[in-house]
Amino acid sequence: RKSGEPYITHPVAVADLLREIGASASVIAAGFLHDVVEDTDITPEQLEGYFGSEVRYLVEGVTKLGGIHFNNRTEAQAENLRKMFLAMSSDIRVVLVKLADRLHNMRTISYLGEEKQTRIARETREIYAPLANRLGIGRLKWELEDLAFKLLEVLKINKLNAIYPNSTTYVINGLNLKMNRGDRLALVGSSGCGKSTVAKAIMQLLPDGSTCYGEIFLNGKNVLKLDEDSLPTIRGKEVGLIFQDPMSRLNPLMTVGDHIVDTFKAHDNSEPIYNLVKKAKSLLEKVGIDPLRFNSFPHEFSGGMRQRVAIALAICLRPPLIIADEPTTSLDTIVADQIMSELSLLCDEIGTALLLISHDLSMAYKWCNKIAILDCGKIVESGNIKQIIGDPKTNIAQKLVESGRLLEGSERKLINKSTVLLSVNRLRCWHDLGFWPFNSFWLKAVNEVTFSLYEGETLGIVGPSGCGKSTLCRALTGLLPTRGGSVLFLGKNISIINRKSLKQLRKYIQIIFQDPSASLNPKMSVLDAIIDPILIHKLLSRSQAREKARNLLDLVGLVPTAMYEQRLPSQLSGGQQQRVAIARALALSPKILICDESVSMLDAEIQAEVLELLRSLQEKLKLSMLFITHDLSVAAGFCHRVLVLDKGKIIEENFGRNLLNDPQKYLTKKMVKACPRLPN
């Protein structure tokens, strides 16, 4: 092995060995026995009580092979090696022969049937690899485990069913799924189809009172049959989970480094703390975080950096499976591309399978080689992702692909620029980060921004995280103070008018926020949420407001209205919640709608529906829209014009399709390149 030459180059030794020990243990056993002596500190005394006469000929064969193959060994060393093995007792000789034989079988197992391969691989992982580890032969343990993992399914789900508490509806209904090591599988489907429930079921994180039955095998272990004490050993070690919103999953009182060290300690408390800190810093560096940030807290990191921490936590114990549940939904396209690239490379490096749960079909196409489409808790279509995207068979698959192409391929007709509704001139919105007695330090979130919004126009504002998009949105509605410039709306400068006049003007500029569940009051019914702004501004009586609210529900497609008006936000899907938010924004008959990432959290099918709804409402009500997003491909298809914002300044402006096809600035080119696209 040291010389790198194959054993077959020494035919005399091979012939002797095979003649003496027979083919069962083969030459692999000889090399393995040599490694026992060469690579560990085992002495003849320690091995006493293990070896016996069963492999006497094997010992002699190793001595012969040692004299020929390992040409750096002297005759004296070969004799010492022979004496060492002869000093061992029968038990360990039998064990070593069995280990060597198992290694040989694992390397030549391909001719056996699938069922037999699985049984042998499971035995190897559960019995033989730990046995090699107890003998102190780490290299053999890793090779046996590696060979076993390649044959075993990392994840096998058979006829899985799940029902949430106080419900009789099956969220998962007879689901079957299989993943092998190295697979990149995208689990895709409409909102409410059960994607996230699958992840929770695998991790056994379903709410108390839920019913879950069937089979979920993680590396050969049925997690549904494990007791509460065994489950923590599965989470993190057998499967890692990356959540959609890392901020809500990280402890705000713990440093980033402590999160990783704590995970290591939870699974193995025997290692010294300085070793764990060293491993944690190395892991942070691997996911693109400077080890100097070891003692930083989660709130000191950006969204992309927090997601990197979540990836580090998921891979720190090198699990055979990682589940990424919408890992890039709240990130801009450039950071999302970086995160997925790093996650994919790390999975390749440690040989981990990736289950990507996503509503973004184009991202799934870019990063996965397989796809499973979920509908009503069942997998309706699965296989090679290129084949399914190119030729979807089922109705739901066709709808998802069509919606994805619609988002990328649509284009708005040019409008006549007649009436300027909103005019922004050299607007500055700066934040003072300094404090007394030190000098002021100004963060120029919006700096010298100038643009106009015309009647009936949709103006897109795109840019990476932190470029000033949301700050601009708040400054336009008077929710943030400005440091200069002007915002003219209906002939009045919003940035300098008094509070009473500003309240009157705000009726005509309404915002639709990114997360509808966070922007709706959880204790108010749908009808009450819509009539609330009407009553605040004292525009109609309560009965008239209710009638208008019902008309708005009908307008946004929540029909029959009687079915929805008394529901709470928690009783609606994400798409339905966003329709309620749109209805509430329209309650005051605004002239301008500001859509702040209003479709980024929705799946492709509902995104297409909501954008089509906004288009039709714009034509019916003669609305103007500011469409703020990080997704350049969606902005290019939905908006008449698009502005690219970077570090508080507009760096590029063009019609949507032109910007996508012929970007001029470096940042725009980078955004276009990072946008995942479906094939033509």
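Residues numbered from 1 in each chain as written. Predicted model: local features only at pLDDT ≥ 70, side-chain atom pairs only at ≥ 80, totals over all residues. Heavy atoms only, no water.

A. Region of the structure containing the overall build of the protein chain. Helices and strands together make up the secondary structure of the protein chain, namely 28 helices and 20 strands. Per-residue burial over the protein chain gives 51% buried out of 680 residues. Sequence separation of at least 24 residues holds for 70% of the intrachain contacts in the protein chain that already meet a minimum separation of 6. In the structure as shown, the protein chain presents an accessible area of about 31800 Å², 50% of it carried by carbon and sulfur atoms. (Helix = DSSP H or I, 4+ residues; strand = E, 2+ residues; numbered from the N terminus. Buried < 20%, exposed > 50% of the residue type's maximum accessible area, 1.4 Å probe, protein only. Contact = heavy atoms within 4.5 Å. Areas by Shrake-Rupley, 256 points an atom, 1.4 Å probe, with all protein chains shown as cover.)

B. The arrangement of the packing of helix H24 (residues 574–586) against helix H25 (residues 604–621) in detail. Packing of H24 against H25 brings their axes to within 10 Å, and their N-to-C directions diverge by 20°. In terms of their interaxial angle, H24 and H25 are classed as roughly parallel. At the point where H24 passes H25, the crossing takes the right-handed sense. Packed against H24, whose contacting residues are Gly575, Arg579, Ile582 and Leu586, the element H25 presents Ile606, Glu609, Val610, Leu613, Leu614, Leu617 and Leu621 at the interface. (Axes fitted to C-alpha atoms, helices over the stretch in contact; angles between N-to-C directions. Parallel < 35°, antiparallel > 145°, perpendicular 65-115°, else oblique. Left-handed = near helix turned anticlockwise from the far one by under 90°.)

C. Just the nonpolar core, in detail. Core analysis: the biggest nonpolar cluster contains 57 residues, and Ile530, Ile582, Leu614 and Leu632 have the highest contact counts within it. The element best represented in this core is H25, accounting for eight residues. Excluding its chain neighbours within four sequence positions, the residues that come into contact with isoleucine 582 are Ile512, Val556, Val610, Leu613, Leu614 and Leu617. In terms of nonpolar packing, the next biggest core, distinct from the first, is built from 52 residues, Phe294, Cys316, Ala336 and Ala397 among them. (Core = buried A, V, L, I, M, F, W, Y, C linked by side-chain atoms within 4.5 Å.)

D. Expanded view of the side chain of aspartate 596. Take aspartate 596: it is sitting in strand S17 (residues 592–596). The buried category is assigned to aspartate 596, whose relative accessible area is 6%. For aspartate 596, the residues in contact, after removing those within four places along its chain, are Ser470, Cys473, Arg474, Ile511, Ile512, Phe513, Gln514 and Ile628.

E. Representation of the packing of aromatic side chains within the structure. Counting across every chain of the model gives one aromatic pair. When the centroid spacing of 4.8 Å and the interplanar angle of 50° are considered together, the rings of phenylalanine 627 and phenylalanine 638 count as tilted. Linking phenylalanine 627 in strand S18 (residues 624–629) with phenylalanine 638 in helix H26 (residues 632–638), this pair joins segments that are eleven residues apart in sequence. Looking at lysine 279, its charged tip hangs above the ring of phenylalanine 264, at a distance of 4.6 Å from the centre. Stacked on the ring of tryptophan 430, the Lys or Arg lysine 444 has its end atom at 4.8 Å from the ring centre. (Phe/Tyr/Trp six-rings, centres within 6.5 Å; stacked < 30°, edge-to-face > 60°. Lys NZ or Arg CZ within 6 Å of the ring centre and 35° of its normal.)

F. Molecular detail of the environment of lysine 281. Structurally, the position occupied by lysine 281 is in helix H12 (residues 273–286). Between the C-alpha atoms of lysine 281 and leucine 292, which are eleven residues apart in sequence, the distance is 8.3 Å.

G. Local environment of the sheet that holds strand S1 (residues 153–163). Pairing is antiparallel across the open sheet formed by four strands, whose spatial order is S2-S1-S4-S5. Because the sheet does not close on itself, it has two edges, and the strands there are strand S2 (170–180) and strand S5 (221–222). Judged from the two bridges that link them, strand S4 (residues 211–218) and S5 form a sheet pairing that is antiparallel. Among the inter-strand pairings, phenylalanine 217 is bridged to a residue of S5, identified as asparagine 222. (Pairing = 2+ DSSP bridges.)

H. Focus on a negative patch on the surface. Together, Asp208, Asp227, Glu228 and Asp229 give the surface a local cluster of negative charge. In this structure, aspartate 229 sits in the loop between S5 and helix H10 (231–234). (Patch = residues over 30% accessible without salt bridge, like charges linked within 9 Å, V, L, I, M, F, W, Y side chains within 5 Å. Salt bridge = Lys/Arg side-chain N within 4 Å of Asp/Glu carboxyl O. Lys, Arg positive; Asp, Glu negative; His and termini not counted. Charge placed at Lys NZ, Arg CZ, Asp CG, Glu CD.)

I. Region of interest: helix H28 (residues 666–674). Among the residues of H28, those classed as buried are Leu667, Thr668, Met671, Val672 and Ala674. Taken around the axis of H28, the buried residues stretch over an arc of 165°, which confines them to a single face. Structural note: H28 exposes Tyr666 and Lys673 on the side pointing more than 90 degrees away from its buried face. (Arc of directions from axis to C-beta.)

J. Seen up close, the side chain of glutamine 307. Topologically, glutamine 307 is positioned in helix H13 (residues 303–315). Among the polar contacts made by the side chain of glutamine 307, one reaches the main-chain carbonyl oxygen of proline 327 at a distance of 2.4 Å. With residues near it in sequence (within four places) discarded, glutamine 307 still touches Ile242, Phe243, Gln244, Pro246, Pro327, Thr328, Leu331 and Ile339. (Polar contact = N/O pair within 3.5 Å; in protein donor to acceptor, adjacent residues only side chain to side chain.)

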